[in-house]
Amino acid sequence: MKKRSTLFLYVMLAIPIALMMIPTVIVLAVALVPTGVAFIMERGKGYYGGLTVGAMNLAGTSPYLADLWSQGHTVSVALGIITNVFAWMMFYGAALFGWAIYSTMPAAVSAFMTMTSSQRITAMRGQQRELVQKWGPDVESVYEPEGGKAAAEQKNNHATAEPGARR
C-alpha cells in the first residue's frame, strides 16, 4: 500500500512540473523514444541497455534542449526542433551509438579478460617452476579446471575401476 501512495505522490508532483515545462516535455517525448524502447526490451536486472542507450540518447538531445532554452522556451520553438530532420538524425543516431556500445562491450571485455588471465597463468607457471627448482618437486601440483585433462582422467579411472573396489 505504501508503494502505491508513493507512486501517487510522484505523479501528483510530476504533472504540474511537466505542465510548466511543456516545450521541454515535447522535445524529450519525441527524442527519448529509443530509451523507452531499450528499457522495455531489457529483460535482466540492472537495465544496462536502457541506461547505455538513454545516456547516449540524452547526449544527442542536449544541444537541441540548449537551443530550446536559449531561444525562449516556447512551444513553437519546440515544434521547430521536432520537425527538423537533422535533429531526428542526432536523437536516433546517438541512440544507435548507445546500442552499439551496449552490444560490443561484453565481447571486448571478455577478450580483454581472456588475454590478461592467460598472461597471469603464464606468469604463475613461471613462479611455480622457480619454486620447484628452489624447494623440489614435492611442492609441485597441477590444477586443471573441471573440463581439463585431470577431470577426464578421473572419469576414466572411475569408469574402469572394479565395482567392489575402493576408489
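Everything that follows concerns the structure shown earlier in this document.
Conventions adopted
Residues numbered from 1 in each chain as written. Predicted model: local features only at pLDDT ≥ 70, side-chain atom pairs only at ≥ 80, totals over all residues. Heavy atoms only, no water. Axes fitted to C-alpha atoms, helices over the stretch in contact; angles between N-to-C directions. Helix = DSSP H or I, 4+ residues; strand = E, 2+ residues; numbered from the N terminus. Parallel < 35°, antiparallel > 145°, perpendicular 65-115°, else oblique. Left-handed = near helix turned anticlockwise from the far one by under 90°. Contact = heavy atoms within 4.5 Å. Nonpolar A, V, L, I, M, F, W, Y, C, P; charged D, E, K, R; others polar. Patch = residues over 30% accessible without salt bridge, like charges linked within 9 Å, V, L, I, M, F, W, Y side chains within 5 Å. Areas by Shrake-Rupley, 256 points an atom, 1.4 Å probe, with all protein chains shown as cover. Salt bridge = Lys/Arg side-chain N within 4 Å of Asp/Glu carboxyl O. Expected span 1.5 Å × (residues − 1). Bend = angle between axes of the 7 residues up to and from the residue. Buried < 20%, exposed > 50% of the residue type's maximum accessible area, 1.4 Å probe, protein only. Phe/Tyr/Trp six-rings, centres within 6.5 Å; stacked < 30°, edge-to-face > 60°.

Draft legend 1. View of the packing of helix α4 (residues 48-70) against helix α6 (residues 85-135). Relative to each other, α4 and α6 sit at 150°, their axes nearing to 8 Å. Classified by the interaxial angle, the pair formed by α4 and α6 is roughly antiparallel. Handedness of the crossing formed by α4 with α6: right-handed. Residues Y48, G49, T52, V53, M56, N57, G60, T61, P63 and Y64 of α4 touch α6, and the partners they reach there are F86, A87, M90, F91, A94, A95, F97, G98, W99, I101 and Y102. Split into classes, the residues belonging to the contact of α4 with α6 amount to 15 nonpolar, 6 polar and no charged.

Draft legend 2. Main features of a nonpolar patch on the surface. The grouping of L7, F8, V11, M12, I15, L19, I22, V75 and L79 at the surface amounts to a nonpolar patch, some 820 Å² of accessible area in total. For the nonpolar patch, the secondary-structure elements that each account for two or more residues are α1 (2-20) and α5 (75-82). Sorting elements by how many residues they give to the nonpolar patch places α1 first, with 6 residues. Positionally, F8 belongs in helix α1.

Draft legend 3. Local environment of α4. When the terminal C-alpha atoms of α4 are compared, their 32 Å separation across 23 residues agrees well with the 33 Å that a helix rising 1.5 Å per residue should span. Its axis deflected by about 35° at S62, α4 carries its strongest bend there, up to four residues before the proline P63. Among the residues of α4, G49, G50, V53, G54, N57, G60, T61, Y64, L65 and L68 are the ones counted as buried. On its buried face, α4 sits against α2 (22-31), α3 (33-41), α5 and α6.

Draft legend 4. Representation of the packing of aromatic side chains. A complete count under the given rule lists 4 aromatic pairs for this structure. Ring geometry for W88 versus Y92: centroids 5.4 Å apart, planes at 35°, classification tilted. Of this pair, W88 and Y92 are both found in helix α6, 4 residues apart, which corresponds to roughly one turn of the helix. What makes W88 partly exposed here is its relative accessible area of 35%.

The analysis is restricted to geometry; functional conclusions fall outside its scope.
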